[in-house]
Amino acid sequence: MKNRLKVLRAERDWSQADLAERLKVSRQSVNAIETGKYDPSLPLAFKIADLFEMTIEQIFLQD
Amino acid sequence: MEKQSPKSLWYRMCRWLKPDWIFVVLLTGSIVLLILSGQKTDVAPLVAAPLFPKLALLIGATVIFSAIATLGARLDRKHLDDYMFQMVANGAVIGIITTLLVNMVWESGSGNLPPISKDDLIAVMIGSWSLGYFFYRWRGINP
């Protein structure tokens, strides 16, 4: 599954650590999601969507 | 002065205790255990135990320890979304499956293979858990 997390984060000038702190996960988790090594759970996907004020579909894209 | 929350302390401790290093130690430990176990020459004589008490004890211990492990695992639920936790948990599954398969292979070919002790199996379990962790670290969790 592809995602726009890195772009959205860059638009807000947040580091991976900043985003991780906002989502209450580790920086490694953010890095793994951005690089496609890990798909977040549904609650985490909702948390990400809420944070960026977007829908899940606008952030995560089916391959 | 701002009081430090236990959570930030926890996160600092997690940052210090990197799972990579913990699994390097565990992998090394499993190799050492395998070597030490291989050097043991004195094998304790097998004593036939009565079936019923043995079964009752084993079932009782399994139920009790499963319940304790389940309660303990609930404490980790809040870290379920963490990538490192996912790698540790997935690595543990690899460890269990590998141990079962190694034991099965040894049991089925017991005539031709050197005997395997419980120390060997523990070493295999810890070693394969570590290898599973490093495999997921390298490849990622997604298929």
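Remember, it's a predicted structure, so these values are computed and weren't measured experimentally.

Remarks on the domain arrangement of chain B
Many descriptions give the size of an interface as the accessible area lost when the pieces come together. Under the domain assignment, chain B is made up of domain 1 (49-78) and domain 2 (80-143). Relative to domain 2 of chain B, the C-alpha centre of domain 1 of chain B lies at a distance of 20 Å.

A few points about the packing of helix α4 (residues 83-108) of chain B against helix α5 (residues 118-139) of chain B
In a pair of packed helices, the angle between the axes and the distance between the axes together describe the arrangement. Residues and elements named next belong to chain B. Between α4 and α5, whose axes approach to 7 Å, the crossing angle comes to 140°. Considering their axes alone, α4 and α5 lie oblique with respect to each other. Crossing of α4 against α5: the hand is right-handed. Only Leu121, Val124, Met125, Ser128, Trp129, Gly132, Tyr133, Tyr136 and Arg137 of α5 make contact with α4, whose side of the interface consists of Met87, Val88, Asn90, Gly91, Ala92, Ile94, Gly95, Thr98, Thr99, Val102 and Asn103. For the contact of α4 with α5, the per-class residue count stands at eleven nonpolar, eight polar and one charged.

Notes on the confidence of the model for chain B
Looking at chain B as a whole, the pLDDT averages 81, with 80% of positions reaching at least 70. On the interface metric, ipTM, the complex scores 0.71, and its pTM is 0.73.

Calculation criteria
Residues numbered from 1 in each chain as written. Chains lettered and ligands numbered in written order. Predicted model: local features only at pLDDT ≥ 70, side-chain atom pairs only at ≥ 80, totals over all residues. Domains from an automatic or database assignment. Axes fitted to C-alpha atoms, helices over the stretch in contact; angles between N-to-C directions. Helix = DSSP H or I, 4+ residues; strand = E, 2+ residues; numbered from the N terminus. Parallel < 35°, antiparallel > 145°, perpendicular 65-115°, else oblique. Left-handed = near helix turned anticlockwise from the far one by under 90°. Contact = placed C-beta atoms within 7 Å. Nonpolar A, V, L, I, M, F, W, Y, C, P; charged D, E, K, R; others polar. pLDDT = per-residue confidence, 0-100.

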